[in-house]
Amino acid sequence: EALSASSTSFSILCMFLTILYAGFSALVFTYSNDLIRENEEDERREALKPSDEEDTNGTVEGYIGNKFTVESTPRTTMETGYLVQKSDSSLE
């Protein structure tokens, strides 16, 4: 009895999905010319857009721009094991 109930519910689910997919394919077929035309317009618009300029610094500009650029400063290790900046001339 449990097997019969589960197979019936599975069959109903398969029929529902078949109807849903058939409706989707009918919509795509009905509006296929419009979809193709819209796709061609999008491709043409994308081809006419100017290319993004490449940054000469080697940094990549993200979504928010280069507002939060982090640059590391060169450091050197002293004999005591501490790290100091190379431009610090008082410790040389």
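Residues numbered from 1 in each chain as written. Predicted model: local features only at pLDDT ≥ 70, side-chain atom pairs only at ≥ 80, totals over all residues. Heavy atoms only, no water.

**Student:** What exactly am I supposed to notice about the overall build of the protein chain here?
**Tutor:** What the protein chain contains, in helices and strands, is 2 helices and 2 strands. Put simply, the protein chain runs from its N terminus to its C terminus through helices and strands in the order α-α-β-β. Expressed as a percentage of its 92 residues, the buried residues of the protein chain come to 1%. (Helix = DSSP H or I, 4+ residues; strand = E, 2+ residues; numbered from the N terminus. Buried < 20%, exposed > 50% of the residue type's maximum accessible area, 1.4 Å probe, protein only.)

**Student:** How should a nonpolar patch on the surface be read in this particular structure?
**Tutor:** A contiguous nonpolar surface patch, about 630 Å² in accessible area, is contributed by Phe 10, Leu 13, Phe 16, Leu 17, Leu 20 and Tyr 21. Of note, Leu 17 is situated in helix α1 (residues 2-30). (Patch = residues over 30% accessible without salt bridge, like charges linked within 9 Å, V, L, I, M, F, W, Y side chains within 5 Å. Areas by Shrake-Rupley, 256 points an atom, 1.4 Å probe, with all protein chains shown as cover. Salt bridge = Lys/Arg side-chain N within 4 Å of Asp/Glu carboxyl O.)

**Student:** It is not clear to me how a negative patch on the surface should be interpreted in this structure. Could you clarify?
**Tutor:** Taken together, Glu 38, Glu 40, Glu 41 and Glu 43 make up a surface patch of like negative charges. The topology assignment puts Glu 38 in helix α2 (residues 32-48). (Lys, Arg positive; Asp, Glu negative; His and termini not counted. Charge placed at Lys NZ, Arg CZ, Asp CG, Glu CD.)

**Student:** It is not clear to me how the pattern of salt bridges should be interpreted in this structure. Could you clarify?
**Tutor:** Note on pairing: side chains with opposite charge can pair once their charged atoms come close. Inspection of the entire model under this criterion finds 3 salt bridges. Its salt-bridge partner being Arg 37, residue Asp 34 comes within 3.1 Å of it at the nearest N-O pair. On the criterion of helical spacing, the pair formed by Asp 34 and Arg 37 is a turn pair, its members being 3 residues apart in helix α2. A relative accessible area of 40% places Asp 34 in the partly exposed class.

**Student:** Would you explain the confidence of the model for the protein chain in this entry?
**Tutor:** Segments scoring low in pLDDT should not have their predicted coordinates read at a detailed level. Summary statistics for the protein chain give a mean pLDDT of 77 and a share of 55% for residues scoring 70 or more. Across the protein chain, the secondary-structure element scoring lowest on mean pLDDT is strand β2 (residues 83-85), at 61, and the one scoring highest is α1, at 94. (pLDDT = per-residue confidence, 0-100.)

**Student:** I would appreciate a short explanation of the environment of Thr 8 in the present structure.
**Tutor:** Along the polypeptide, Thr 8 turns up in helix α1. Residue Thr 8 is classed as partly exposed on the basis of its relative accessible area, which comes to 43%. Engagement of the side chain of Thr 8 in a polar contact is seen with the backbone oxygen of Ser 4, the distance being 2.7 Å. (Polar contact = N/O pair within 3.5 Å; in protein donor to acceptor, adjacent residues only side chain to side chain.)

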